[in-house]
Amino acid sequence: AQTVTQSQPEMSVQEAETVTLSCTYDTSESDYYLFWYKQPPSRQMILVIRQEAYKQQNATENRFSVNFQKAAKSFSLKISDSQLGDAAMYFCAYRSSAGGTSYGKLTFGQGTILTVHP
Amino acid sequence: GAGVSQSPRYKVAKRGQDVALRCDPISGHVSLFWYQQALGQGPEFLTYFQNEAQLDKSGLPSDRFFAERPEGSVSTLKIQRTQQEDSAVYLCASSPQGSAGSYNEQFFGPGTRLTVL
């Protein structure tokens, strides 16, 4: 079974600065997807960024980028030019790319609470 | 168009009561997932539907938990004889296609916060 670990329960950053959230995972599969989700107090889970394991290039979405290290099974999220609206709980998640009995379900880490200071 | 909706948003139940939580997925979405999120934790998978077929219920924690999606659209998660450990946020997510192989994004609802006293 796959596991996802986020070792930083809380992180803080000053507005306009850069912060990196860490995530490691364990899997025996070679092809999979990794995600970062944002969950504000409203509880709505919002997809921030996605990475396909077969792609060597790190994904970027505006101020959000990842550092994907497949051999190390590491998947960190970098938020540049942090904004007050970035404050939320962030979850790292894994999805098998194979069909079969995984059915596309997501395996989440424990989450990191991000605080942004003005 | 409308996103995934869930009702009620909040539910308080006395221990031993039965509860029913509703999920309205995005219209036309084939796949539907239920997750349980304990306070301060990440969501954990409960069950998966492809249309009306429940293909995976491996995450349901006990036989007190039951889910259905009889017409392949709205889904209901039912918890019988609720216990305090059932207190959590229950999230529903839908995605456009079936799960085989290719990626398709899961769209989440706002969740139902269940508190069992």
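Scroll up to find the structure this text is about.
Residues numbered from 1 in each chain as written. Chains lettered and ligands numbered in written order. Predicted model: local features only at pLDDT ≥ 70, side-chain atom pairs only at ≥ 80, totals over all residues. Heavy atoms only, no water.

A.B. asks: Got a sec to walk through the interface of chain A and chain B? Specific residues and values, please.
C.D. replies: Taken together, the contact pairs 24 residues of chain A with 29 residues of chain B. On the chain A side of the interface with chain B, the three residues burying the most area are Arg-43, Tyr-103 and Lys-105 of chain A, jointly 36% of the side's total. Along the contact surface separating chain A from chain B lie one salt bridge. Linking Asp-56 of chain B and Lys-105 of chain A is a salt bridge whose minimum nitrogen-to-oxygen distance equals 3.5 Å. The tally of links from chain A across to chain B stands at nine residue pairs in polar contact (both at pLDDT 80 or more). (Contact = heavy atoms within 4.5 Å. Buried area = accessible area lost by both parts, 1.4 Å probe. Salt bridge = Lys/Arg side-chain N within 4 Å of Asp/Glu carboxyl O. Polar contact = N/O pair within 3.5 Å; in protein donor to acceptor, adjacent residues only side chain to side chain.)

A.B. asks: Kindly report on unusual backbone geometry, identifying the contributing residues and their values.
C.D. replies: Cis peptide bonds are those with omega within 30 degrees of zero, and the linkage from Ser-7 of chain B to Pro-8 of chain B qualifies with -10 degrees. Within the element layout of this structure, Pro-8 of chain B appears in the loop between β1 (5-7) and β2 (10-13). With a phi close to 50 degrees, Asp-81 of chain A is a non-glycine residue in the positive phi region. Among the structural elements, Asp-81 of chain A can be located in the loop between β9 (74-79) and β10 (88-96). (Helix = DSSP H or I, 4+ residues; strand = E, 2+ residues; numbered from the N terminus.)

A.B. asks: Lay out the packing of aromatic side chains with the relevant residues and their values.
C.D. replies: Within this structure, the stated rule accounts for 16 aromatic pairs over all chains. When the ring of Phe-108 of chain A is compared with that of Phe-108 of chain B, the centres are 6.3 Å apart and the planes differ by 75 degrees; the resulting orientation is edge-to-face. Taken together, the positions of Phe-108 of chain A in strand β11 (residues 107-108) and Phe-108 of chain B in strand β10 (residues 107-108) put the pair across two chains. We note that Phe-108 of chain A, like Phe-108 of chain B, is buried. Within the aromatic cluster, the residues linked to one another by ring pairs are Tyr-33, Phe-35, Tyr-37, Phe-91 and Phe-108 of chain A together with Phe-33, Tyr-35, Phe-45, Tyr-48 and Phe-108 of chain B. Positioned above the aromatic ring of Tyr-10 of chain B, the side-chain terminus of Arg-43 of chain A is 5.1 Å from the ring centre. (Phe/Tyr/Trp six-rings, centres within 6.5 Å; stacked < 30°, edge-to-face > 60°. Buried < 20%, exposed > 50% of the residue type's maximum accessible area, 1.4 Å probe, protein only. Lys NZ or Arg CZ within 6 Å of the ring centre and 35° of its normal.)

A.B. asks: Explain the nonpolar core to me, using residue names and the numbers behind them.
C.D. replies: By size, the foremost hydrophobic cluster in this structure holds 25 residues, and its most contacted members are Tyr-25, Trp-36, Phe-75, Leu-77 and Tyr-90 of chain A. At the level of secondary structure, the elements contributing two or more residues to this core comprise β3 (19-21), β5 (32-39), β6 (46-52), β8 (64-69), β9, β10 and β12 (112-117) of chain A. A total of four residues in this core trace back to one element, the largest contributor, which is β10 of chain A. Formed by 20 residues, the second largest nonpolar core is a distinct cluster that contains Leu-21, Leu-60, Leu-77 and Cys-92 of chain B. (Core = buried A, V, L, I, M, F, W, Y, C linked by side-chain atoms within 4.5 Å.)

A.B. asks: I'd like a description of the state of the cysteines, backed by residues and values.
C.D. replies: Defined simply, a disulfide is a covalent bond joining two cysteines at their sulfur atoms. Applying the stated criterion across every chain yields a total of two disulfides over all chains. Here Cys-23 of chain A pairs with Cys-92 of chain A through a disulfide, and the sulfurs are 2.0 Å apart. Here the S-S torsion is close to -70 degrees, and the disulfide linking Cys-23 of chain A with Cys-92 of chain A is therefore left-handed. Of the two residues, Cys-23 of chain A sits in the loop between β3 and β4 (24-26) while Cys-92 of chain A sits in strand β10, which places them 69 residues apart along the sequence. For the pair formed by Cys-23 of chain A and Cys-92 of chain A, the shared burial category is buried. Residue pairing for Cys-23 of chain B: its cysteine sulfur links by disulfide to Cys-92 of chain B, the two sulfurs lying 1.9 Å apart. The chirality of the disulfide connecting Cys-23 of chain B with Cys-92 of chain B is left-handed, given an S-S dihedral of about -65 degrees. Linking Cys-23 of chain B in strand β3 (residues 19-24) with Cys-92 of chain B in strand β9 (residues 88-95), this pair joins segments that are 69 residues apart in sequence. (Disulfide = S-S within 2.5 Å.)

None of this, on its own, says anything about what the molecule does.
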